[in-house]
Amino acid sequence: MTTSESVLREIALATIRDLHPTPTSLDEIYAAVSSQVTFDEEDLGHPHHRGVPRPEPNWQRNTRNALQAEKEAFRLVNCANALWRLPSPSPPDLWLDPIEGWSLIRAQAESYRAAATVFESPARAVRYRVAEADTDAVVIERIDANEPARLTPELVARSIGRLNAAGGRTGARTLIYTVAQEVALVELHPDLRWEEGGRIIAVEGQPPRPPPPPAPEEEEELEIARRTLGSEGVQRLLTHRRRERDSGIIREFKRRYRRAHGGSAPCQVCGFSFDDVFGELGDGYIEAHHRVPLSASDPALGTVTRFEDIAFLCGNCHRMIHRPAGATYLTVEELADVRRERAR
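Report follows, based on the coordinates. None of these values were measured; they are calculated from a predicted model.

What counts and what doesn't
- Residues numbered from 1 in each chain as written.
- Predicted model: local features only at pLDDT ≥ 70, side-chain atom pairs only at ≥ 80, totals over all residues.
- Heavy atoms only, no water.
- Axes fitted to C-alpha atoms, helices over the stretch in contact; angles between N-to-C directions.
- Helix = DSSP H or I, 4+ residues; strand = E, 2+ residues; numbered from the N terminus.
- Parallel < 35°, antiparallel > 145°, perpendicular 65-115°, else oblique.
- Left-handed = near helix turned anticlockwise from the far one by under 90°.
- Contact = heavy atoms within 4.5 Å.
- Pairing = 2+ DSSP bridges.
- Core = buried A, V, L, I, M, F, W, Y, C linked by side-chain atoms within 4.5 Å.
- Buried < 20%, exposed > 50% of the residue type's maximum accessible area, 1.4 Å probe, protein only.

### Let's talk about the packing of helix H1 (residues 5-19) against helix H4 (residues 58-72)
Axis separation between H1 and H4 bottoms out at 9 Å; the angle between their running directions is 70°. As the angle between them shows, H1 and H4 are arranged roughly perpendicular. H1 and H4 meet at a crossing whose hand is right-handed. Residue-level inspection shows Glu5, Leu8, Arg9, Ala12, Leu13 and Ile16 of H1 in contact with H4, the latter providing Trp59, Asn62, Thr63, Asn65, Ala66, Leu67 and Glu70.

Below, the structure written as structure tokens:
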């Protein structure tokens, strides 16, 4: 059986912690994994892409997937190509607001679009312009190519979260997957700049910005929580209610998930579909599980929930994933491993 990502993740994290604060190379992580794991045929097999086997074995791909998941949760920083380290939170003068970042970028993009401004990648002779700037996305066109790139509020917030975890300075191609998106992000955000010939993204120092005061309704909820639940429950209730008030996000994520599965909504662990079993009564029903618990978010700032942060589970699997397994809860992948092992 292929070594689970949870095992690979723990070895990788231990290796990175041992070398901290020096960044750990991917080769050093691979060496640590290969010295501690006895690989089987599945580990040593090769993943396929469009029917063609990739050169790396499955265990290396799964190790990188585990690192990427930690990066998505802001628990690791991909500080340069194939270099990983623990987060070093930005000092106040280098911290950027992930939500404010979108409004700043969108305003700048609208100005660029109206003025037909052309900007370039600092490391390559490639030119871009803003084709569209609306509430949902900023569309970036590469002048000598046909495929446009898109910046969305979720993508901007995730990228700024990664930059904050990196301490306000990180390597190119570590925030967003395409060059056009990253060049546009740095170009359009007024507090970002390139260093070292376009190989480093850095935040301009600025006076610390105090967190916004809570909205009146949040103050009321907090006071109700103090009176009815006591101090232990305050943080959980406030975070939960803030999510409930933005329940449209989860509805949209469920809509995307159903669209990707032909209108159905199967459990990502066991495959159970309420639509198939209960027909109209179960149409579109599925439970949303936060891969990173909301309780881990900053109680004052909250967190930005992305589509990738949500798993879609049936009620049984959702309960099992929240059942304590030692000191922590199971991940979606770990629960799937348990189920596969029991099914053998």
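### Topic: the sheet that holds strand E5 (residues 83-85)
In sheet architecture, strand pairing relies on hydrogen bonds along the backbone and comes in two forms, parallel and antiparallel. Strand order in the open sheet formed by three strands is E1-E5-E4, with antiparallel pairing between adjacent strands. The sheet terminates laterally at strand E1 (24-25) and strand E4 (77-80), the two strands that pair on one side only. Pairing between E1 and E5: two bridges, direction antiparallel. Residue pairing across strands places serine 25 opposite leucine 83, the latter belonging to E5.

### Quick look at the sheet that holds strand E7 (residues 127-133)
Spatially, the four strands line up as an open sheet ordered E6-E7-E8-E9, and their pairing is antiparallel. Whereas interior strands pair on both sides, the edge strands pair on one side only; in this sheet they are strand E6 (118-120) and strand E9 (149-151). Ignoring strand direction, the axes of neighbouring strands in this sheet form an average angle of 35°. Summarising the sheet, E6 and E7 pair through three bridges and their orientation is antiparallel. Note on E7: the bridge partner recorded for glutamate 120 is arginine 127. Contacting E6, E7, strand E8 (138-142) and E9, helix H7 (residues 179-188) crosses the sheet at an angle of about 45° to E9.

### Quick notes on the nonpolar core
Counting residues in hydrophobic clusters, the biggest one holds 31 residues, and the most contacted among them are Phe119, Tyr128, Val130, Val138, Ile140, Leu151 and Leu188. Where this core is concerned, the elements lending two or more residues are helix H5 (98-115), E7, E8, E9, helix H6 (153-165), H7 and strand E12 (200-203). With seven residues, the single largest contributor to this core is H7. Tyrosine 128 has contacts with Thr117, Val118, Phe119, Ser121, Ile140, Glu141, Arg142, Ile143, Val179, Ala180 and Val183, leaving out every residue within four places of it along the chain. If you look at the next biggest cluster of nonpolar residues, it comprises 17 residues, including Tyr257, Ile321, Val332 and Leu335.

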